[in-house]
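# Summary of the model geometry
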Amino acid sequence: MESLYLLIPVALIFCVVVIRLLLWAIDNGQYDDLDKESWRILADDDFEDDNDDRPDQHA
Amino acid sequence: MNSVQPLPEITTTACFHCGDDVPPGSNFAIEIGGESRPMCCPGCRAVASMISQGGLERFYEQRTSFNDRPAADFESRQQDFVIYDDPMLAAQFSDTDNAGRRNARLLLGGVSCAACTWLIETTLKRMKGVHQATLNLGQSRLDVCFDPRELSMSDVFTRVASLGYRVQPWQSSLRQDQAKQEYRNDLRRLSVAGIGMMQVGMFAIALHAGDIQGISTEYQGLMRLFSLLVTTFVVAYSARGFFESAWRHLKFGALVMDLPVALAIGLAYGASAYASLLGGGEVYFDSVVMFTFLLLLARFLEKRLRYQDALAWQDAEQTLPDVAQVWKDNAWTRIPRRQLGAGDRVLLRAGDVIPIDAKVSHGDSAVREDSFNGEALPRTVTVGDTVYAGTINVEDSLEVSATGSYADTRLAALQQSIDAARHDKPAVAQLADRIATGFIAGILLIAAVTALIWWQIDASRAFWVALSVLVISCPCALSLATPASLANAASLLRRQGVIVNGENALESLSTLDVALFDKTGTLTSGNFSLRRVVTLSERYDQAGILALATALQRHSNHPLASAFKSSTADGDVHDVRYNIGEGLEGTYKERRLRLGSLRFCQEIVPTVAPPPDEPLYWIGLCTDTEALAWLGLDDEVHAEAATVLRGLRNSGISTELLSGDASSRAKQLGATLQFDRVATGLTPQEKLRRVAGLQDAGATVLMVGDGLNDAPVLKRADVSIAVAGATDLAKAQADFVLMSGNLEKITLLVDVAARTRRVIIQNFSWALGYNALGIPLAALGWVPPWAAAIGMSLSSLLVVGNSTRLRRATPKTEV
């Protein structure tokens, strides 16, 4: 049971990381338009491919 | 010798792009996705072929509503965009980042569904030089990041416009920025509470299992300590809003729902913290965090709807063009409209929206003011007449001299009356709000009394029993009852092609007393059609007359000319001239041929008899020697209008026609459609007074309208509906916008409102019943705080679940 002294803090660190990530995503505007995103995931397959082919994508 | 015959009904097909009727005889069809698709106009065809050539046909499969019909004068608009290449002007809505890329913020018009955002984003991202394009559907805001070395600002504008959307610079408004910030804050709090809840929940399972199976004090202390750690963070970060709001209102002596919430969270947290630090007693960290999360979730869902209604197209000024042509340094120069001031000489081409109130200094034309005053036919203007910002110059080029800046225009005054109407609108006294204060005082009192009594019986349990009462009586389900129902009803409506700006209006809609309708553009489509041909000469039959009239009308921009679009012209008519405000004149077989008003015809044939009495717009056709015919035209009435009005009357709602149009035609229409009351020739102020009068008498008022002049009334009415072709300003003020021209959606709305009301009442009965049952049980000490928290959550879930029935149920109306 001593492992709990290690596992619980590890769980907490995960927790903190997840919260940080989520807050970053929110501030990044990724959740600003929930209507569009829910639609986009279904509709957008070939367009993403087009975009990856573009040479200036990483400019 | 007079022969009166009704014309045959013309059946039409709908344009594949915008859904309007395709004029018979025209052929703009193009092939999309392997099939020939009908198009109504060159504008739609251009946009549709642009989309299909880009390989984006899938847009048409995915969209959930028709597109707006694109402006016909796209090429000339293109030149207007060049002004945005001016760095000074561009700086107002864009900035340059460190990498030298330009970030521009644009406001789009006509973006109606998610597929539009895909189309626009995809098209822009394919342009060389565009790095990023993001369109926010709720705000109609487009953020583009591009390389100014590869393309110019006007290229971006032009590309968006070429897809048939209206585009202009984004002006950030404080209110919108605040709404956005608030939304993100709420989301942050909610997600922290959610993750915290999962974490504390894990510890709680271990602790509860430990209570049953036995757990060593060492590990119990460890779990409690970590629970305390996480809960402290959640309470400090996520639940802070409850404490702040409760305190803020308490300072003014107001009891809000946040007060018992803050008390319950604070007390449960404090007692649990005390127990875990000093050992012994019970801990309820899981209840605290779950309670916080569920409450935040409910509020977030409710607020999200309100955030969506922060419509961008809400200012009257946005209906005006961005650019005006002004005489400057001996040449016509394009300048940003905002720079216009008194005395500027402005050139208005035919078809232009007039940018400023001005006096005509040169030229004759007619201005279409229907969105201002409901007058279906344009007003003739000549030197010395005043033209108003926001109206359309239809006939010919005009040179005008501005009488002031935008702030002095009639349009700006209209905007002010909208703002005033927003304040005057009677507040919707929501059931939950009315109940709240008394309810909360009651809860606090009961909790206090419970604590006191238990103090006498068993002092050690007094605190937890009182807390159970606080938690179980939490008005969470009560506060969810209305918003959850409204949100689901709104979602149903959206899928049925109704844009919902203010779902609170559904509550008013279910108790409707009076329905007011505008005429032009609302009950009628604004398109003219030929109703009667009364031939006056035996030498011409109806077809011959029609061919002559059509040949003349081909040369007119007048709205009446649209009635002749579908008929074939007689090839023998030459030298057609247009006399503004009078009619058309041409040469036919060496004779003069005139089409126009009675006076215009009498000039060459003094014996022409006046037109028949029937309330139609009559135009006469005559040659030098004889009168040929009277042609009766009419603004088409939506076919379903009569059914909708009958439906309203059957549900005991009185109907009124409020028209700005002063002609007998409006009265006739009112009689045909059996309105209970008809008022014609009204100014926007008179319309507003009528609504205010009804409201003062205690009636709940619905307004259905479309024009600029309807905007203040739409804002003021308890419920308002803007129809499909409405001006952007009217759409922004209305609670509901019908996306198709079909008025039957009004019946659907009333139906949904009634069902919503039933569900709200069920929710209230449940929430109140649950409290009535739970509070005595908790006060008797039979409900531990964790059970109270679960009970509270289940009660809320039941309310939410009951509300989703609104979303699923098939509406009775067939759509």
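With that settled, consider the overall build of chain B. Each helix and strand counted, chain B has 27 helices and 30 strands in total. Taken over 815 residues, chain B has a buried fraction of 54%. Partitioning the intrachain contacts of chain B with sequence separation of at least 6 by distance along the chain shows that 66% fall at a separation of at least 24. When the accessible surface of chain B is summed, it comes to about 34500 Å², and 55% of that surface belongs to carbon and sulfur atoms.

Bringing the pairing of strand E28 (residues 701-705) of chain B into the picture now. All names here are of chain B. Extensive coverage of E28 is indicated by the burial of five of its five residues. Burial of E28 is two-sided: the residues Val701, Met703 and Gly705 facing one way and the residues Leu702 and Val704 facing the other way are all buried. Pairing of strand E19 (residues 514-517) with E28 involves four bridges; the strand directions are parallel. When the bridges of E28 are listed, Phe517 appears paired with Val704. Note: E28 against strand E29 (residues 719-722), four bridges, orientation parallel. Within E29, the residue paired with Val704 across the bridge is Ile721. This β-α-β element, E28 to helix H24 (residues 711-716) to E29, shows right-handed connectivity.

So, about the sheet that holds strand E27 (residues 677-679) of chain B. Residue and element names in this part refer to chain B. Pairing is mixed across the open sheet formed by seven strands, whose spatial order is E18-E30-E29-E28-E19-E26-E27. Where the open sheet ends on each side, the last strands, each with one partner, are strand E18 (498-500) and E27. Strand-to-strand twist of the sheet, defined as the mean angle between neighbouring strand axes without regard to direction, takes the value 20 degrees. When E29 meets strand E30 (residues 736-738), the two strands line up parallel, connected through two bridges. Paired with Ile721 across the strands is Phe736, a residue of E30.

What follows deals with the packing of helix H8 (residues 217-237) of chain B against helix H10 (residues 258-278) of chain B. The description of two packed helices rests on the angle between their axes and on the distance between the axes. All names here are of chain B. For the pair H8 and H10, interaxial distance at closest approach is 10 Å and the crossing angle is 150 degrees. Looking at the two axes, H8 sits roughly antiparallel to H10. The interaxial crossing formed by H8 with H10 has left-handed handedness. Facing H8, whose interface residues are Arg224, Leu225, Leu228, Thr231, Thr232 and Val235, H10 presents Ile265, Tyr269, Ala273, Ala275, Ser276 and Leu277. Here the contact of H8 with H10 is composed, by residue class, of eight nonpolar, three polar and one charged.

Moving on: helix H19 (residues 542-553) of chain B. All names here are of chain B. The end-to-end C-alpha distance of H19, which contains twelve residues, comes to 16 Å, matching closely the 16 Å that a straight helix rising 1.5 Å per residue would cover. For H19, the buried fraction is high: nine of the twelve residues fall into the buried class. Looking only at H19, the buried set comprises Gln542, Ile545, Ala547, Leu548, Ala549, Thr550, Ala551, Leu552 and Gln553.

Mapped onto the elements of the fold, Arg102 of chain B is located in strand E5 (residues 102-109). Among the polar contacts listed, one links the side chain of Arg102 of chain B to the side chain of Thr96 of chain B, at a separation of 2.4 Å.

A few words on the side chain of Asp357 of chain B. Residues and elements named next belong to chain B. Mapped onto the elements of the fold, Asp357 is located in the loop between strand E11 (345-348) and strand E12 (358-362). Look at Asp357: it is buried, it has no salt bridge, and the nearest opposite charge is Arg410 at 5.8 Å. Reaching out from Asp357, the side chain makes a polar contact with the backbone nitrogen of Arg410 at a distance of 2.8 Å. With residues up to four places along the chain from it excluded, the contact list for Asp357 reads Val387, Tyr388, Ala389, Ala402, Thr403, Gly404, Asp408, Thr409 and Arg410.

Attention shifts here to the pattern of salt bridges. Residue and element names in this part refer to chain B. In the structure shown here, the tally under the stated rule is 18 salt bridges over all chains. With its nearest N and O atoms 3.8 Å apart, the salt bridge here joins Asp97 to Arg101. Asp97 sits in the partly exposed class, given a relative accessible area of 26%. The partner of Arg594 in a salt bridge is Glu585, and the shortest N-O contact between them spans 2.6 Å. Note on accessibility: Arg594 and Glu585 belong to one class, buried. One network of salt bridges, with partners in common, ties together Asp518, Lys687 and Asp710.

Conventions and cut-offs
- Residues take numbers from 1 onward in each chain, read along the sequence in its written order.
- Chain letters start at A and ligand numbers start at 1, both assigned in the order the entries are written.
- Restriction of local features to residues with pLDDT of at least 70 applies here, the model being predicted, together with a cutoff of 80 or more for giving and counting side-chain atom pairs; totals for whole chains, interfaces and linings are based on all residues.
- Hydrogens and waters are ignored; side-chain quantities use all the structure's heavy atoms.
- The helix and strand labels rest on DSSP assignments: H or I over at least four residues marks a helix, E over at least two residues marks a strand, and numbering proceeds from the N terminus.
- A 1.4 Å probe rolled over the protein chains alone gives each residue an accessible area, and that area as a share of the maximum for its type sets the label: buried under 20%, exposed over 50%, partly exposed in between.
- What makes two residues a contact is simply this: any of their non-hydrogen atoms within 4.5 Å.
- Computed with a 1.4 Å probe, the accessible areas rest on the Shrake-Rupley method; for each residue, only the protein chains presented here act as cover.
- By the convention used here, strands pair only if DSSP detects at least 2 bridges between them.
- Looking down the strands as they point away from you, a crossover is right-handed if its path from the first strand over the helix to the second goes clockwise.
- Lines fitted to C-alpha atoms define the axes, with helix axes restricted to the stretch in contact, and inter-axis angles between N-to-C directions lie between 0 and 180 degrees.
- For classification purposes, an angle smaller than 35 degrees is called roughly parallel, one larger than 145 roughly antiparallel, one from 65 to 115 roughly perpendicular, and anything else oblique.
- It is the rotation of the near helix from the far one that decides the hand of a crossing: anticlockwise by less than a right angle makes it left-handed, clockwise makes it right-handed.
- Here the term charged refers only to Asp, Glu, Lys and Arg, the term nonpolar to Ala, Val, Leu, Ile, Met, Phe, Trp, Tyr, Cys and Pro, and the term polar to all other amino acids, Gly among them.
- Every helix has an expected span of 1.5 Å times one less than the residues it contains.
- Polar contact is defined as a pair of N or O atoms within 3.5 Å, subject to the rule that within protein one atom must be able to donate a hydrogen and the other to accept it, and that residues adjacent in sequence are counted only when both atoms are side-chain atoms.
- The charge count treats Lys and Arg as positive and Asp and Glu as negative. His and the chain ends do not count.
- What makes a salt bridge here is a side-chain nitrogen of Lys or Arg within 4 Å of a carboxyl oxygen of Asp or Glu, nothing more.

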